Amino acid sequence: MFQSPYEAIGGEQVIAKLVDAFYERVAKHPDLSPIFPKDLTETARKQKQFLTQYLGGPPLYTAEHGHPMLRARHLPFPITPTRAKAWLACMHEAMDEIGLNGPVRDELYQRLILTAQHMINTPEDER
Ligand code: HEM
């Protein structure tokens, strides 16, 4: 009856395109690449699972990895306000690249701003 944001965005294929475009940028970003693994295959696979459930699709991430506990899982990495901004900029550009527009883009991006802010665990001058 009512569409989930997962359906509205275009499901698995659109999430896969978005995540691939996103990590291509992360890999090249001077503020982000130092804290990510060189090979982003597994990271991208997990992010596809996570965003699927974040948007109300099947709970793929939890089925394989348990409760996301995202802030806790990010604690090993120094996430400064600059890195949160960089992460969001890569996501914004990835959305542009794949031509994701409309209310579902805005809704997703607004939620990601809040989640990204929640991941900040390190003040700017301690990285
Ligand atoms: C994993 C950085 C925000 C979702 C990671 C990893 C890093 C990272 C370094 C580990 C990659 C690996 O070892 O495979 C950041 C930075 C952020 C940020 C700098 C800036 C705020 C977010 C946000 C989300 C998110 C907003 C949710 C939409 C994930 C997921 C994983 C992950 C699902 C995989 C966790 C796992 O290992 O199971 N992130 N992240 N991250 N991140 Fe982020």
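Each remark here, short or long, concerns the structure printed above.
Residues numbered from 1 in each chain as written. Predicted model: local features only at pLDDT ≥ 70, side-chain atom pairs only at ≥ 80, totals over all residues. Heavy atoms only, no water.

Asker: I keep staring at the pattern of salt bridges and nothing clicks. Help me out?
Answerer: Opposite charge on two side chains permits pairing when their charged atoms draw close. Following the criterion strictly, the structure yields six salt bridges and no others. Arg25 is the salt-bridge partner of Glu93, the closest N and O atoms lying 2.9 Å from each other. Of this pair, Glu93 sits in helix α6 (residues 81-98) while Arg25 is found in helix α2 (residues 11-28), placing the two residues 68 residues apart along the sequence. Across the pair Asp96 and Arg105 runs a salt bridge, and its minimum N-O distance is 2.9 Å. Given a relative accessible area of 46%, Asp96 falls into the partly exposed group. (Salt bridge = Lys/Arg side-chain N within 4 Å of Asp/Glu carboxyl O. Helix = DSSP H or I, 4+ residues; strand = E, 2+ residues; numbered from the N terminus. Buried < 20%, exposed > 50% of the residue type's maximum accessible area, 1.4 Å probe, protein only.)

Asker: I'm lost on the coordination of the iron atom of the ligand in this one. Help?
Answerer: Octahedral metal centres with six donors ideally show angles of 90 or 180 degrees, and tetrahedral centres with four donors ideally show 109.5 degrees. Coordination of the iron atom of the ligand by the protein comes from a single atom, His74 (NE2), at 2.0 Å. Relative to the elements of secondary structure, His74 occurs in helix α5 (residues 70-74). (Donors = N, O, S within 2.8 Å, 3.2 Å for Na, K, Ca; no water.)

Asker: How should I be thinking about the site of the ligand in this particular structure?
Answerer: Around the ligand lies a shell of 21 residues, among which Thr43, Lys46, Tyr61, His74 and Trp87 are the nearest. His74 places a side-chain nitrogen or oxygen 2.8 Å from a nitrogen atom of the ligand. Side-chain polar atom of Trp87 to a nitrogen atom of the ligand: 3.4 Å apart, as the coordinates give it. Among the secondary structure elements, those contributing two or more residues to the shell around the ligand are α3 (41-54), α5, α6 and α7 (103-119). Of the residues assigned to the shell around the ligand, the class counts are 14 nonpolar, four polar and three charged. (Near = heavy atom within 4 Å. Polar contact = N/O pair within 3.5 Å; in protein donor to acceptor, adjacent residues only side chain to side chain. Nonpolar A, V, L, I, M, F, W, Y, C, P; charged D, E, K, R; others polar.)

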